[in-house]
Amino acid sequence: MSTARVFREARAVLDDAGLRGGFLVRDLRTGEELGIGQDAVFPAASLVKVPLAVAVLEAAARGELDLTRPVTVPPDRVDAPGPPGLMKFRHAATIAIEDLLYLAVSISDGAAADALFALVPPGAVRDELRRLGLDGIAVRHGIRDLSETPAEQLAPPLAHALAIGAATSGQGHPIPQLDVSRTNAGSARAFADLLEALWTPSAIAPPVAARVRELLGDTVHRQRLAPDLASDAARWSSKTGTVLTMRHEMGVVEHADGALFAIVALTESRVPAVVQPAAEAAMGRVARLLRDLLRAEGGG
């Protein structure tokens with residue numbers, strides 16, 4: 001299939017699913033890449049937990065944090081359906097920092113992430129990214145803010161309709177979690193740069209990169225890109241992110257033959273519905289189309 005035809009099909013798949021997207025697939029062996037809207041900035045949602053994990057582990061590597069230190073997390077009592085883990089706990093729990101990392105990244109537990117943000121605040125995460133030479137990911141607040149959206153006050157279709165109808169052409173938004181100038185945000189390219197730094201030699205300490213790769217490999221949310229990328233001959237390690245109309249996933253697929261691709265899919269839906277299996281399937285289809293084309297062009 002020609003390059004032009006692949007891009008036409010990819011854009012048609014996104015449009016049919018009601019999605020605007022920022023996609024980037026990068027061959028981590030050669031640096032070659034293919035993308036659609038790869039420099040567009042989107043609200044990061046839970047993808048921000050990956051730079052948070054890097055910052056926590058880097059602080060621990062410098063001796064500033066003890067990963068065995070117990071942290072008591074108060075009950076969060078989020079009544080909205082969906083948030084996993086400690087966000088649903090009714091009683092305080094005492095958990096080691098290293099185990100909070102597992103909950104925050106692999107389970108996508110927002111309360112665990114906020115307990116880590118209390119130790120390494122958003123400003124410190126930004127500083128860490130800057131020190132590591134990683135630009136383009138804005139870290140401005142913790143995770144609790146993501147759960148305080150109109151979805152908690154309105155019926156889901158109404159909340160999503162409000163989110164869709166209130167957007168501006170410049171990506172401003174009256175809902176703070178969707179305003180890229182106020183919320184945690186980044187582009188597909190910026191998140192691909194982070195993945196590349198985790199999978200190839202970089203300023204990130206090797207033990208830190210190895211632990212984050214392990215956490216991403218243990219992710220339990222595998223409904224988006226994994227069906228199109230994971231197999232007995234391909235390991236998919238990733239992190240998803242969701243808030244209102246935003247559905248994202250970033251990860252790396254490692255093939256048994258040595259091929260290695262960073263893949264980032266950031267999407268915004270214009271369909272006012274919470275459950276959108278067509279959107280999840282479209283994300284995986286577009287990611288695979290671009291991966292297969294890049295793999296073919298590289299001879300891998």
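Just above, that's the structure.
The present account deals with the structure reproduced in this document.

Cut-offs used in this document
Residues numbered from 1 in each chain as written. Predicted model: local features only at pLDDT ≥ 70, side-chain atom pairs only at ≥ 80, totals over all residues. Heavy atoms only, no water. Pairing = 2+ DSSP bridges. Helix = DSSP H or I, 4+ residues; strand = E, 2+ residues; numbered from the N terminus. Axes fitted to C-alpha atoms, helices over the stretch in contact; angles between N-to-C directions. Salt bridge = Lys/Arg side-chain N within 4 Å of Asp/Glu carboxyl O. Buried < 20%, exposed > 50% of the residue type's maximum accessible area, 1.4 Å probe, protein only. Polar contact = N/O pair within 3.5 Å; in protein donor to acceptor, adjacent residues only side chain to side chain. Contact = heavy atoms within 4.5 Å.

**Digging into the sheet that holds strand S8 (residues 246-255)**
At step 1: Spatial strand order, S2-S1-S9-S8-S7: five strands in an open sheet with antiparallel pairing. Across the chains shown, the open sheet's two edge strands, defined by having one partner strand only, are strand S2 (33-36) and strand S7 (234-243). Shown here is a sheet whose adjacent strand axes are inclined to one another by a mean of 10 degrees, direction ignored.
At step 2: Of the strand pairs in this sheet, strand S1 (residues 19-27) and S2 are connected by four bridges, and their pairing is antiparallel. The residue bridging phenylalanine 23 from the neighbouring strand is isoleucine 36, located in S2.

**Observations regarding unusual backbone geometry**
At step 1: For serine 108, which is not glycine, the phi dihedral falls at a positive 65 degrees.
At step 2: Relative to the helices and strands, serine 108 resides in the loop between helix H3 (97-105) and helix H4 (110-119).
At step 3: Located in the positive-phi region is leucine 244, a residue other than glycine, with phi close to 50 degrees.
At step 4: For leucine 244, the location among the structural elements is in the loop between S7 and S8.

**Some words on the pattern of salt bridges**
At step 1: Scanning all chains against the criterion turns up 22 salt bridges.
At step 2: Close ionic contact of glutamate 214 with arginine 211 constitutes a salt bridge, the shortest N to O distance being 2.9 Å. You can see glutamate 214 and its partner arginine 211 sitting in helix H8 (residues 206-217), three residues apart, about one turn around the helix.
At step 3: Among the residues examined, glutamate 214 registers a relative accessible area of 41% and is labelled partly exposed.
At step 4: A salt bridge links aspartate 292 to arginine 291; the shortest N-O distance between them is 2.8 Å.
At step 5: Of the residues examined, aspartate 292 reaches a relative accessible area of 31% and is grouped as partly exposed.
At step 6: Among the ionic contacts, a cluster of salt bridges with common partners joins Arg26, Glu33, Asp39, Arg189, Asp193 and Glu196.

**Looking at the side chain of histidine 248**
At step 1: Its location among the elements puts histidine 248 in strand S8.
At step 2: Among the polar contacts listed, one links the side chain of histidine 248 to the backbone oxygen of proline 43, at a separation of 2.6 Å.

**Overview of the packing of helix H7 (residues 188-199) against H8**
Geometry of a packed helix pair, given as the angle between the helix axes and the separation of the axes.
At step 1: Where H7 meets H8, the axes come as close as 8 Å, and the angle between the chain directions of the two elements is 115 degrees. Together, Leu195, Leu198 and Trp199 of H7 and Ala209, Val212, Arg213 and Leu216 of H8 make up the contact between the two elements.

**What about the side chain of serine 269?**
At step 1: Note that serine 269 resides in strand S9 (residues 260-269).
At step 2: Here glutamine 276 takes part through its side chain, which lies 3.0 Å from a polar atom of the side chain of serine 269.

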